[in-house]
Every structure is written in C-alpha cells, then in structure tokens.
Protein chains: 2
Amino acid sequence: MRASGRDTRGDHGARPAVRPATGVAGGSPADTAAVEREATKRGARTDRRVPTLDEVARLAGVSRSTASRVINGQSYVSARARAAVTEAVTRLGYRPNMLARSLATRRTNSLALVVSEHGSRVLDDPFFARLLRGVYAGLAGTGLQLVLLMDQDGQDHAALGRYLCAGHVDGTLVVSLHGEDPLPGQLRSAGVPTVLVGRPLSTVDLPYVDADNFNGAVAAARHLAAAGRGTLVTIAGPRDMAVGIDRLAGWRCGMAAAGRRTAGVAHGDFTVEGGAAAMTRLLADHPDLDGVFAASDLMALGAMRALRAAGRTVPDDVAVVGFDDSDLAATAVPPLTTVRQPVEELGRTATWRLLGELDAEDQLPPSVLLPTELVARASG
Amino acid sequence: MRASGRDTRGDHGARPAVRPATGVAGGSPADTAAVEREATKRGARTDRRVPTLDEVARLAGVSRSTASRVINGQSYVSARARAAVTEAVTRLGYRPNMLARSLATRRTNSLALVVSEHGSRVLDDPFFARLLRGVYAGLAGTGLQLVLLMDQDGQDHAALGRYLCAGHVDGTLVVSLHGEDPLPGQLRSAGVPTVLVGRPLSTVDLPYVDADNFNGAVAAARHLAAAGRGTLVTIAGPRDMAVGIDRLAGWRCGMAAAGRRTAGVAHGDFTVEGGAAAMTRLLADHPDLDGVFAASDLMALGAMRALRAAGRTVPDDVAVVGFDDSDLAATAVPPLTTVRQPVEELGRTATWRLLGELDAEDQLPPSVLLPTELVARASG
DNA sequence: TTGTAGGCGTTATCAA
DNA sequence: TTGATAACGCCTACAA
C-alpha cells in the first residue's frame, strides 16, 4: 500500500536548460536588462487570458471608470451600477492586475524585508524569526504585504538592489548589513523609503533602529567582573558588522570601568560552529580562562559545547554569558546567562518608522536605540 | 563613551497612524502634492522624478524604440545610436521601471516561495532553511528573483492568494499546506504556474514534489520492531497535513508487517514543545513504553527532553527515532536515529519542476517522490 | 452619478 | 536600421 498512487520516480534528476547568466558587455546599469530579456525569450507559455476591467465594464454595461470606482469602493456610484459591476466581477472571476494598478498609482502596497546575507544561513538564527514576528506585528492592520528577500547564490549581490529600486515595493527594511554594503546607498539614491535594522557601518543618511549593544555588553562585562572570575575572554562578532563592533567596544569599556583587562578576543560569525571554534582557540591560548562573554547566544552555545569537549564544566570551571536572550538560552543546560535584546520590538519599531516614512506625516527621529538588560541564569 | 552619537531614545513607542487598508482615501492629488511638499521641506526624501525611457531617448536624440532596443541589448542598432543611448543612460542614472516592463511583457522574472503558515513559526524549523537552500540552488543562473511570502497576523489568509494571483510573480512554490487550504485552487484557477512542495491533502490538479514519507516511516517501524523493543508508540504530525498522515500510515503499515501493534499514538505540531507534550501524554498512558517514533526531529528532541525529565534514559530505557536527519539530529545527545529526507533536493527538484512549467517545453511528470532512508545512531 | 480622455513607463508591431 | 503607433491594464481629473 502506498500513500499516493500517481507519482513518478526518477525524473527528478532532469534539469531544464540553464539560461546564460551573462548578458551584453558594457557595464552600464541598464545592461542587466539584457539578462532579463533573455529570460523572456525562453518560454512561450500559453497563458490563459485573464479578464480585464474593460470586460467587466462591458459586461456590466458601464464605463471603465464606473467599474473602477465600484471595485475600489469609492462613493458616487449608483446602487444599480454597483450591483451590475459586482455581478460581472464574480461572473468573470475578475482580479485586478496589481502591476497595472501600481503603474498608475505609483504604489504597490507591499514592503520588503531584505536580509543582506545569504538566505540559508539566515534562517538558522532565531534572531530573524523574532525580528519577523515584530515586523508582522508592526504591519498588522495596514494591509501591506511583506516580501522577504535574501542573497541568492549564483546571483550578484546587486540583483537585490535592482529589484528593490525597480518599483516592486513601497519601502524597504534592511537587516544584517555587512561592511560597506552598497545597498543602502542605492536605495537612498533611488528614493526608496528605507529603514535599517542595526546601525550601518558606513555613514549613510538613512534612519536606523538598533538595540543598545554597547551598554548590553557593558553589563555583561560588569557581571563577569563582579562574579570574581580571574581570566576573562570574549568571543566577538564579525569585524565588519556594527553589532560585532559595538558589543566588543561595550565589553572593553565595561572591563576598563571595572579595572580589568581582557585576556583574549576571538571573532566568530554568530553561529554555533563559529562560537565553538573561537572557544577552542581561546582555550589553547589561555588555558586558565574562567569567564567568557560571547556576542550571541548561538556562539555562547557553541562555546559551551567546546568547553564541555575540553573537559571544563559550566559554570564551575568557566562562566559563560551570551547575548540575545533567545529561546535557546533559557532551555540550554545549564540555562544561559545572557543580555536581553528586545528583538520583536526592534522589528515593530523599525516597521512603524518605515510606515511613518511612507506617510511622511511629520518629523521623525533620525534613529532609535532600544534598551538591553542582563538576564542572570545558571551559566555564569 | 557611546558607540554612536546621533540616536534618539524613547520615541519608539509612538505609533504612526495606520493607513486604511483599502485604497479609498489618500489618493486625491491634493493629498499627494501636500505630502510631497512636506517631504521636500524636510529635505529627507526628495521625491526625485525617476528618469524614464522617454527622457533617455530624447537626450540621446533617438526614438523610444531605439533606446529600448539598446537597453535590452537587441541587435539592429547602429553603433552610434547605441553609444548615444548608453551615454544618456549613465548621465541620467536611468533604471528601467520593472512594473511597466512587466505590464508589457507579462513577465516579472520573479518567483514566490509561499509558506502557507504563520511566518514566525516557520523560521524555527530547520526544514525551511534546508528547503530554501535547495530552491536557491535550483534557481542559480536563471536570473530569477525569489520572494518569500508567509501568513501575516492581522491579515486574512486570502491576502496571499490575492498577491500571487495579481501578477506579481511568474510562478509559485507552495510549501507546508494544511488541510483544505484554498490557495492551490486559487492559483490554479488564476493560471499561475505552481508546484507544491509536499503532497496536498485535497485533490487539486497541480504537480507536487514530496519525500517518500510513507516508506521512511515504514523503515522506522521496522527498525524499532527489530531492535527488540516491546512497547512501541509514535508521536505523529498534525492530522491536517499530508506529511503527518503519510508518516503515520507508513508507521502503522510497517508495524503490521512486523507483526506488531502500536501501543499509543499522540499528535504533535512538529515543534520541540509539541513533541515534549506528546511524549508526556504517552508516558502517562503507557508507562511501560520503551520505543518511540517521532514524525520529526524537532518532536523527537522534545520527546527526549520529556523522557529525561521523567527520569528515563535514552536509549537504555527508551529508544527514540526521529524523521528529517536535520543538523540537530547528529549533534543531539545522544545522537538521534532518524529517517533521512533529501530536503535540499526537494527544494531543487520543485524549483526545476516549476521552471519547466514556465517554459512549458514538454510533457513533465505530474509529481515526484524522493527516496528516504533510515540513519541509525545512538538514540535507538 | 457617469463617461471621456489622457497618462503611468515599457515593449511589440509594422512600415518606412 | 529606425520611428510611429498601438498595446499592456488600470486610475483619475474633467466634463457632462
């Protein structure tokens, strides 16, 4: 007995012909269109005709204008006309063509959340799930559709910028910026309303919303320093992200304020594996370490794993502090002391900020920093 | 010392006025003009007019047609004209308006991956990260842009269907269908090329790609039955998803084939918490159980947690088998025996299938089922 | 309350 | 090789 009967096996290895990824040489910004035209050539698909507003109007015996008014729920329409149009709409199964509407209104009623990072990595970090929750909360009741965009492999990073600047969305939320990403500049010069989630590294004149990473790290340093630990190290984030830089700066500042020095610094990439590798390096260089601050919970988890592998216990031998207060922190064994970051609020705030930008109703604060706080648990 | 100097605090609680969801208000030209004046006054967003093809053509001293040809890299253009247009394009910073282009060509060069489930939950499951990886791999070199869509709270489920049927994308990949979701039907009747990831529950005439959940579960049943375990139970997936149904059916069939009966069944929602709760219920009903098959790794992890909390050891007291072979399975303690599912290949295959649909080049197999296999580890 | 006509920015079809 | 001209589907002053 099989669960399903109409399946076919074995054909899934067949690969449709790949279009060449290169277009006409030249380098002008419009040359990319050549590549895209290529795509159009590769299929004469028999698309069924979709009913248009014109046909609805004709069937209802009114003009396009009246039909349009009915469909957009405007007033100044007789009950008779409204009924006729409604009837025609359902009879024809009419659906307004958003492209045409957007072309005319210059509004798409959709926003983009673009993660300036490779997609597959993104979803591994619980940060994004929480951020998304916040964004959705901020969007509730607006009728705006959110689309998620990420770096695709085999596609230049600029493709994202082109998509966003080509009128597909009314505004953009950009998160997880690395180094000197040109995307914010592109968006700004294209006039696409944009709010950054996370302080940008380069000075670009766009508003951003961020957590107070600096003071969160200060708190972590204070906590470990006050815990009577002797040799303290830190697993910092990437050097090319503001979040990594700010947390490291805060840590250093907090340590200095406590009259302590940092025994060692290793950089990770915010992943469990990166944290474990960094911890291993630190253990090799500083066998006597007894306290570590990791710039993310994921890295802290990796650090705990590496410590365990090295025969150290947490928190008896080594105290561990993370950053994020993700779900994993509370359920870790032992539960992870961490710096709470209001991620949902970050997403909500950024979204509201962007909505305000769209409405351009009045003066908005250039940028916002949300508070962070230390959450003490068993790990340190 | 602060990491940044131009931040503003405290204003993030303010919520901008919500725009009406229907396009009635805000559309009058007076309103728009006022908004633009306001924006200009602030100097924040100078709503610069975007250069059009017309202006490019004028500046280059050619017709729109010729300008269009140059920009699309077509032949039959004199070198002189080409140079002039290229020059004008760069001088003006021209970017083609994709909406207008799509309206004319009836192609958007973008696909949607729609997760018929609430967004925040989606990202918590490693399945989606892997699937996305596969989809991106399948898309590599095509120049197609992928957009991710999910259920938003405070928005009716139909909004997704409207977006997809309104011409925003050339094709759609639908994953994680529950019960009688109307989405596939909408897409089909709107003529949007669609491939489902995962067998649909309702009979809708759309191709799908799925893993062989049935036989994977058969293998799990065989494995546990052969391991000399006496009292076997299963944590099944949701009753309203084919993946849940198929794995349960496979389990039952495998058990029957081994001449065994299932002591108990509890349903979970594919989350760690759901798995833990189900395990707890099963333990209460069947204290003597010594083997459990969970229909997902996440639920298996939750089951292990619940078992540990109940004082049972894995695998000595109870053998645990999961489904997915996610990264978490291998790194769990103890490492989790599980059924390997080729998730990346699932994504890649579904994508290729969809690309084939777009090209409509020739007869394609209606649906595809990818093989699954058991991976034995320490947990059972 | 309704219809007419022009525009949104591109592409596609033909003559020239 | 080039350029009018007509789609593409919808919105919206403006006039009736």
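Residues numbered from 1 in each chain as written. Chains lettered and ligands numbered in written order. Predicted model: local features only at pLDDT ≥ 70, side-chain atom pairs only at ≥ 80, totals over all residues. Heavy atoms only, no water.

Per an unreviewed UniProt entry, chain A goes by LacI family transcriptional regulator and derives from Gandjariella thermophila.

1. Thoughts on the sheet that holds strand S7 (residues 264-267) of chain B
Residues and elements named next belong to chain B. The test is simple: Between any two strands, at least two bridges found by DSSP are needed for them to pair. By definition, any uninterrupted DSSP run of H or I lasting at least four residues is a helix, any uninterrupted run of E lasting at least two residues is a strand, and each is numbered from the N terminus. Think of each axis as a best-fit line through the C-alpha atoms, taken over the contacting stretch in the case of a helix, with angles from 0 to 180 degrees between the N-to-C directions. Working rule for contacts: check all heavy atoms of both residues, and any pair within 4.5 Å makes them a contact.
With mixed pairing, six strands are arranged side by side in an open sheet as S7-S6-S8-S9-S10-S12. Two strands close off the open sheet at either side, each with one partner strand: S7 and strand S12 (373-375). Between one strand axis and the next, the sheet turns through 20° on average, direction left out of account. Looking at chain direction, strand S9 (residues 319-324) and strand S10 (residues 337-340) are connected through four bridges and run parallel. The residue bridging Phe 323 from the neighbouring strand is Val 339, located in S10. Across the sheet, helix H10 (residues 213-226) is in contact with strand S6 (232-236), strand S8 (291-294), S9, S10 and S12; its angle to S9 comes to roughly 165°.

2. Some details on the nonpolar core
Convention followed: Residues belong to a common nonpolar core when they are buried Ala, Val, Leu, Ile, Met, Phe, Trp, Tyr or Cys residues joined through side-chain atoms within 4.5 Å. Here's how the labels work: a residue is buried when its accessible area is under 20% of the maximum for its type, exposed when over 50%, partly exposed in between, all with a 1.4 Å probe on protein chains only.
Residues Leu146(A) and Leu146(B) are the most contacted members of the largest nonpolar core, which totals 62 residues. Not counting chain neighbours up to four residues away, the residues in contact with Leu146(B) comprise Leu148(A), Leu149(A), Gln152(A), Leu111(B), Ala112(B), Leu113(B), Leu132(B), Val135(B), Tyr136(B) and Leu139(B). Formed by 38 residues, the second largest nonpolar core is a distinct cluster that contains Val174(A), Leu149(B), Val169(B) and Leu183(B).

3. Details of the packing of aromatic side chains
All names here are of chain A. The condition is simple: Stacked, edge-to-face and tilted are the three classes for Phe, Tyr and Trp ring pairs, Trp counted by its six-membered ring, which pair at centre distances within 6.5 Å; planes under 30 degrees apart are stacked, over 60 edge-to-face, the rest tilted.
The final tally for this structure, using the stated rule, is six aromatic pairs over all chains. Their ring planes at 90° and their centres at 5.4 Å tell us that Phe 127 and Phe 128 sit as a pair that is edge-to-face. When sorted by exposure, Phe 127 lands in the same class as Phe 128, which is buried. Relative to Phe 323, the ring of Phe 293 has its centre 6.3 Å away and its plane inclined at 50°; by these criteria the two rings are tilted. Here Phe 323 lies in strand S9 (residues 319-324) and Phe 293 lies in strand S8 (residues 291-294), a separation of 30 residues in the sequence. Each member of the aromatic cluster is reached from another via a ring pair, and the members are Trp 251, Phe 293 and Phe 323.

4. Topic: the packing of H10(B) against helix H11 (residues 242-257) of chain B
All names here are of chain B. The condition that has to hold: Our angle categories are set so that under 35 degrees counts as roughly parallel, over 145 as roughly antiparallel, 65 to 115 as roughly perpendicular, and the remainder as oblique. The crossing is said to be left-handed when, going from far helix to near helix, the turn is anticlockwise and less than a right angle, and right-handed when the turn is clockwise.
Interhelical geometry of H10 versus H11 gives an angle of 40° and a closest axis separation of 7 Å. One finds that H10 runs oblique with respect to H11. Crossing angle aside, the handedness with which H10 passes H11 is right-handed. Of the residues in H11, those in contact with Asn 213, Phe 214, Ala 217, Val 218, Ala 220, Ala 221 and Leu 224 of H10 are Val 243, Asp 246, Arg 247, Ala 249, Gly 250, Trp 251, Cys 253, Gly 254 and Met 255.

5. Some words on the packing of helix H3 (residues 64-71) of chain B against helix H4 (residues 79-92) of chain B
To characterise two packed helices, one gives the angle between the axes of the helices and the distance between these axes. All names here are of chain B. Keep this limit in mind: Side-chain classes follow a simple rule in which Ala, Val, Leu, Ile, Met, Phe, Trp, Tyr, Cys and Pro form the nonpolar group, Asp, Glu, Lys and Arg form the charged group, and the remainder, Gly included, forms the polar group.
Between H3 and H4, the least distance of the axes is 9 Å, while the angle of their chain directions is 80°. If you check the angle between H3 and H4, you find them roughly perpendicular. Contacts between H3 and H4 pair Thr 66, Ala 67, Val 70 and Ile 71 from the former with Ala 81, Arg 82, Val 85, Thr 86 and Val 89 from the latter. A breakdown of the residues in the contact of H3 with H4 according to their chemical character gives six nonpolar, two polar and one charged.

6. Section: the pattern of salt bridges
Residue and element names in this part refer to chain A. Short version of the rule: Any Lys or Arg side-chain nitrogen found within 4 Å of a carboxyl oxygen on Asp or Glu counts as a salt bridge.
One pass over the full model with this rule turns up 22 salt bridges over all chains. Arg 107 is the salt-bridge partner of Asp 170, the closest N and O atoms lying 3.7 Å from each other. Of this pair, Asp 170 sits in the loop between helix H8 (158-165) and strand S3 (171-175) while Arg 107 sits in the loop between helix H5 (98-105) and strand S1 (110-118); the two residues are 63 residues apart in sequence, bridging distant segments of the chain. Of the charged contacts, one joins Asp 246 and Arg 199 as a salt bridge, the two residues approaching to 2.8 Å between their closest N and O atoms. Taken together, the positions of Asp 246 in helix H11 (residues 242-257) and Arg 199 in the loop between strand S4 (194-197) and strand S5 (208-211) put the pair 47 residues apart, joining distant regions of the chain. The same class applies to Asp 246 as to Arg 199, namely buried. Salt bridges sharing common partners tie together Asp 325, Arg 340, Glu 373 and Arg 377.

7. What about the UniProt feature "domain: HTH lacI-type" (unreviewed entry) in chain A?
Just so we agree on the cut-off: UniProt positions are given in the numbering used here, feature names are shortened, and annotations may be inferred rather than shown by experiment.
Under the local residue numbering, the UniProt record ascribes the feature "domain: HTH lacI-type" (unreviewed entry) to residues 51-105 of chain A. Strand forms 0% of residues 51-105 of chain A and helix 69%; the C-alpha atoms that close the span are 20 Å apart.

8. Let's talk about the side chain of Thr349(A)
The cut-off we apply is this: Here a polar contact is recorded for every N or O atom pair within 3.5 Å, except that within protein the pair must consist of a potential hydrogen donor and a potential acceptor, and residues adjacent in sequence are included only if both atoms are side-chain atoms.
Relative to the elements of secondary structure, Thr349(A) occurs in helix H15 (residues 343-359). Among the polar contacts made by the side chain of Thr349(A), one reaches the main-chain carbonyl oxygen of Glu345(A) at a distance of 2.6 Å.

9. What about the domain arrangement of chain A?
What counts here: Throughout the structure description, domain borders are defined by an automatic or database domain assignment.
Split into domains, chain A comes out as domain 1 (29-105), domain 2 (110-209 + 345-368) and domain 3 (213-340). One C-alpha centre belongs to domain 1 of chain A, the other to domain 3 of chain A; they are set 57 Å apart.

10. Here we look at a negative patch on the surface
Worth spelling out the cut-off: Two distance rules govern patches: like charges are joined within 9 Å, and nonpolar side chains (Val, Leu, Ile, Met, Phe, Trp, Tyr) within 5 Å, applied only to residues with over 30% relative accessible area and no salt bridge. For every accessible area listed, the method is Shrake-Rupley and the probe measures 1.4 Å; residues are considered covered only by the protein chains on display. Charged-residue counts in this description rest on Lys and Arg as positive and Asp and Glu as negative, His and the chain ends being excluded. All charge positions are set by atom: Lys at NZ, Arg at CZ, Asp at CG, Glu at CD.
A surface patch of negative charge is lined by Asp124(A), Asp269(A), Glu273(A) and Asp327(B). Within the element layout of this structure, Asp327(B) appears in helix H14 (residues 327-331).

11. What about the confidence of the model for chain A?
The test is simple: Confidence scores per residue from the predictor, reported as pLDDT, run from 0 to 100.
Across chain A, the average pLDDT comes to 85, with 86% of residues at or above 70. Low pLDDT (under 50) marks residues 1-47 of chain A, which in the prediction has 98 contacts with non-local residues, meaning those over four places away or in another chain.

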